[in-house]
Amino acid sequence: MSEPGAAEGRDIARRAVSMALDAGATQAEAVVLESSSALTRFANNELHQNVAQTDTAVSLRFVAGQRIGVASANRHDDASLRRLARSAADIARLQPEQDWFRSLPGPTEVTPVEGAWASTTATADPGRRADAAAAVIAGAEGVGAQAFGLVETESETVSVVNSLGIDVSEARSRAHVLTVMMGPGGGSGYAEEVAVDIERLDPPAIGHEAAARTAAMADAIELPAGDYPVVLDSYAVMDLAMWLGVLGFNAQAVQEEQSFYAPGKIVASPLVSLSDDGGDPQGTPASFDYEGVAKRRVSLLEAGACAEVVHDSKTADRAGVGSTGHALPAPNPWGPFPLNLSMAAGETPRDELIGGLERGLLVTRFHYTNVVQPKSVVVTGMTKDGLFLVEHGRVTAPVRNLRFTQDYLAALAAVDGVSRERRAVDGDGYLGTIVVPALRVGSFSFTGTTEH
Amino acid sequence: MSDLARRALDTATQLGASYADARIVRRQERRADVKTGRVEGVHLGETEGFGVRVLVDGAWGFASSGRMSGPEADRVAERAVRIARASARHRRRPVQLSERPRASGRYETPVEEDPFTVPIDHTIDRLLGAERAMAAVDGVTTASAGYHAFREEKEFHASDGSHTEQVITHVGAGLEVNAAGTDDVQRRSYPESGGYRAAGYEHIRSLDLVGRAPTLAEEAVALLAAPALPPGRRTLVLHPSQLYLQIHESCGHPTELDRVFGTEAAYAGTSFLTTDKLEAGFAYGSELVNLTADAGTPGGLGTFGWDDEGVAAQRVPLVSEGRLTGYLSSRETAPRIGRSSGGAMRADGWNRLPLIRMTNINLEPRKGMSLDDIIADTEDGLFLVSNRSWSIDDRRLNFQFGVELAREIKGGRLGQLYRNATYTGITPEFWGSCDAVADARSWQLVGVTNCGKGQPGQGMHVGHGSSGARFRDVEVGVGNR
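What counts, and where the lines are drawn
- Each chain has its residues counted from 1, running along the sequence as written.
- Key to labels: chains lettered from A, ligands numbered from 1, both in the order written.
- Per-residue local features of the predicted model are confined to residues with pLDDT of at least 70, and side-chain atom pairs are confined, for both listing and counting, to 80 or more; whole-chain, interface and lining totals are unaffected and use all residues.
- Only hydrogens and water are set aside; all other atoms, that is, all heavy atoms of the structure, feed into the side-chain values.
- Helix and strand definitions follow DSSP, with helices as H or I runs of at least four residues and strands as E runs of at least two, each counted in order from the N terminus.
- Here the radius of gyration uses the C-alpha set of atoms, whereas the globule reference equals 2.2 Å times the residue count to the power 0.38.
- Buried means the residue's accessible area, taken with a 1.4 Å probe over protein chains only, is under 20% of the maximum for its type, while exposed means over 50%, and partly exposed covers the values in between.
- Here, residues are in contact when the closest pair of their heavy atoms is within 4.5 Å.
- Summed over both partners, the accessible area (1.4 Å probe) lost when two parts come together is defined as the buried area.
- Salt bridges are defined by distance alone: a side-chain nitrogen of Lys or Arg within 4 Å of a carboxyl oxygen of Asp or Glu.
- Side-chain atoms alone can form a polar contact between residues adjacent in sequence; in general such a contact is a pair of N or O atoms within 3.5 Å, and within protein one must be able to donate a hydrogen while the other accepts it.
- Two strands are counted as paired when DSSP detects at least two bridges linking them.
- Expected span of a helix: the number of residues minus one, times 1.5 Å.

Caption draft 1: Summary view of the overall build of chain A. From N to C terminus, chain A includes ten helices and 17 strands. Since a compact globule built from 452 residues should have a radius of gyration of about 22 Å, the 23 Å found for chain A is in line with a globular shape. Structurally, chain A occupies a C-alpha span of about 70 × 50 × 35 Å along its principal axes. A burial count over chain A gives 63% of its 452 residues as buried.

Okay, structure coming up:
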């Protein structure tokens, strides 16, 4: 199958921009998302939900001098696009002039990234997803556990056209398998994998990984809340990277004085480097953002020191710099987001991180985390699906889940080991795909217990 | 539109579906956001599409499309059937649906002034006025105001001949103000959670945004200079602006019967309220605690005529005098506890499968003391206002909440202001410690528009009514050393 939709999406975007200019826009931008996705869910070792959708969404940003209106719809015949242009024009003209607005972005050199889309993912049928789910379930059955989870395939073409000459289109795909397992003795386990190409997913391996954790978590002991050294597996490290990306390295948060960020400020161990890299082949690559601006690799944390932040055209104008290509679809009250976070690998095998713990905890993942204090990135949440006591470098017992309330910057400052291995994991449903290693942290604050 | 739905249902049944339903959904939205003297964004949105759900060989299939045509109806119905057959290969227990009467009729949210006909510049002026009033207070870093109008027109058709039409309208407007220091940011907001109501623009006119703005800003600035709440165990009086989310997280979610049966375990989690606890009359809270799922609460975001399975809106007691008495349920889950559906299945738009969702989960007021009386009756405690953060474990037992504002209660009077106030507990212990529920005088309805559940993710509009309540011996100040 050839890459879908690019010509059609770009044509829709061009027509929408043309109609906006006909309606009196001084500048205009259209973003067209043509998507086809399907998701198979399983629970209690059987499939229970199986869904698919197809859609084409058009968003039109209409600029009249320094007035801006955005209208969106999922109809794209000429009459609908004309109506969209009229709606966007009407709301733009009713606004006061916005002196902050300079211009929509002009064209940048967009170099297509390799491997953003795979036909195998785009054409995966319900049988393929059901077979993948069955392979995961087989892992659970091998240890007498119940499997819960999903197999998801998405194919999307993003087209952005504006009246200043931006005219780009790219097909992207994503395949995702994850499972939570629950076994006899109250144990639970987790495993997850994300890739552009469904062929790169290994559902039996995901099933076995989660099953092994589930079996090992049976008959967990209770430990008191308190400060413990920890090894955070990649699934847990994802949460640290995500909150830092949203709260810290977003230029809007910095401009509104809500971020810890300051150029050169040391906030983490020298072992920690974090970037946003739309070209990282281990993640889900993208070459431009929702304004059609080329994504630049942005170094966020360089050996523990704050380096740069991500920008869209609005924050870039305020700062007097160029956009880094991290805009979300307009209108966007949240500012630019790093959607391709990548934490640098270390040199230590993950098992040796555990081997270096005298007494501490191995944490598989966090659940339902939320920010308590945004500027210092104090976050609370629960451990889930794999918490183990480590003594003298060996896992000695499964542990009941604990609540933590932790300053994430302090945790990163206390990192004394970074794994050689990295994983691509889902950014909690809204921050793209995040590629992260495991980390060993000198002290992590657990503040409560629960019954399981 | 009905022709398209009928065609999809005919195709599905011809291909072997034993049951099928089709929803045609058209959504309109208007948003406006202002911040620091600027119009940050104004957006008009419209989507339209249809979803077809089929039952084939005892398994579900669902497909949807935004292309509204007869051939597309055939293609989507055929795809749903193909998906259901793939599911049936790995289904051990065939789906059984509880009976319901054939659904028929029309429901519309009562609206006095259509929000989609009010010129957007009127709203922008209103927001900018409130924003300016906040920004004028010394010490304010950012001030913002937002407006959102939402309308969903929905047709439901099912292969049993059911046909309903609904027009749901929700509007909201709210303020947020921040004061930032070197290492801390303090926030105040009004009304709670974006100020939503199932109503027309008359609700926006009733909100005194400009009048509330200066006080709100002064509170944010004062909080930045206030001490952090010290750790300890305290008596708490929760204002409805915090209590609503306590109800949402620790009662609403754990009473969702799909969670109880494990079908949300991979994302949202499960529930400690297992069905054996229903039979045993589990002590969820003190005898003052009465929690009800009411899909008919006037103004509630969980108010409708029929759910997305064609089950009529109902009032379902969840906790009565402290004992577990019911669940939020669907046609598939209710028979497993020997009941009929409680009518809680809703989908986030045309391209999503209906799931069990909260309606309006309300803590019923109790005659006796007003919220002011409860504060006056408290010798030593804390009065907590406006949710700021939330987290709860996957079975909905261990929770931790943060609030925007805390005031100490000494001898029945409000005193010292505290910042960064948090409290934590275990759900049945916490509700068991409830020794006062305020009467209807302080009853408030809060709308929530970001209730997340399901894979792919669905956000749902739900409601929570409460009047405030007191809880004894609760751990506070977590992480404030």
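After presenting the structure, the write-up continues.
Caption draft 2: Local environment of the interface of chain A and chain B. Listed per partner, the contact involves 75 residues of chain A and 86 residues of chain B. The contact between chain A and chain B buries some 6900 Å² in all, and 47% of this surface belongs to carbon and sulfur atoms. Between the two partners, chain A and chain B, sit eight salt bridges. A salt bridge links Lys35(B) to Glu256(A), with the nearest nitrogen and oxygen atoms 2.8 Å apart. Seen at the junction of chain A and chain B, the total is 39 residue pairs in polar contact (both at pLDDT 80 or more).

Caption draft 3: Structural detail: the sheet that holds strand S12 (residues 323–324) of chain B. All names here are of chain B. Read across the sheet, four strands follow the order S12-S11-S10-S15 without closing on themselves; strand pairing throughout is antiparallel. Only two strands of the sheet have a single partner each, and these edge strands are S12 and strand S15 (361–363). Note that strand S11 (residues 315–320) and S12 share two bridges and pair antiparallel. For Ser-320, the partnering residue across the bridge sits in S12 and is Arg-323.

Caption draft 4: Representation of the pairing of strand S17 (residues 433–449) of chain A. Residues and elements named next belong to chain A. The buried fraction of S17 amounts to 14 of the 17 residues, a majority that puts the element mostly inside the structure. Of the pairings in the sheet, the one linking strand S7 (residues 226–232) to S17 comprises six bridges and is antiparallel in character. What sits directly across from Val-231, in S17, is Arg-440. Both strand S15 (residues 402–407) and S17 contribute to a ladder of three bridges, which runs antiparallel. Along S17, the bridge assignment pairs Phe-404 with Phe-446. Here strand S16 (residues 415–426) runs beside S17; their pairing, made up of eight bridges, is antiparallel. For Gly-417, the partnering residue across the bridge sits in S17 and is Arg-440. A loop of six residues connects S16 with S17, the two strands running antiparallel in sequence, and Asp-428 in this loop sits at a positive phi of about 60 degrees.

Caption draft 5: Structural detail: the side chain of Thr54(A). For Thr54(A), the location among the structural elements is in strand S2 (residues 46–64). Residue class for Thr54(A) comes out buried when judged on its relative accessible area of 9%.

Caption draft 6: Inspection of the pairing of strand S23 (residues 469–476) of chain B at higher detail. Residue and element names in this part refer to chain B. Bridge analysis of strand S9 (residues 232–238) against S23 gives six bridges, and the strand direction is antiparallel. Pairing of Leu-238 across the sheet is with Ala-469, part of S23. Sheet analysis places strand S20 (residues 434–437) next to S23, joined by three bridges and oriented antiparallel. Counted as the bridge partner of Val-437 is Ala-469 from S23.

Caption draft 7: Main features of the environment of Ala32(B). Residue and element names in this part refer to chain B. Mapping Ala-32 onto the fold places it in strand S1 (residues 19–35). You can call Ala-32 buried: its relative accessible area is 1%. Look past the residues within four positions of Ala-32 in its chain and what remains in contact with it is Gly-41, Val-42, Ile-120, Ile-124, Leu-127, Ala-145, Gly-146 and Tyr-147.

Caption draft 8: Examining helix H6 (residues 234–247) of chain A more closely. The first and last C-alpha atoms of H6(A) sit 20 Å apart over 14 residues, in line with the 20 Å expected at 1.5 Å per residue. Of all 14 residues that make up H6(A), 14 are buried, and the element is covered over most of its length.

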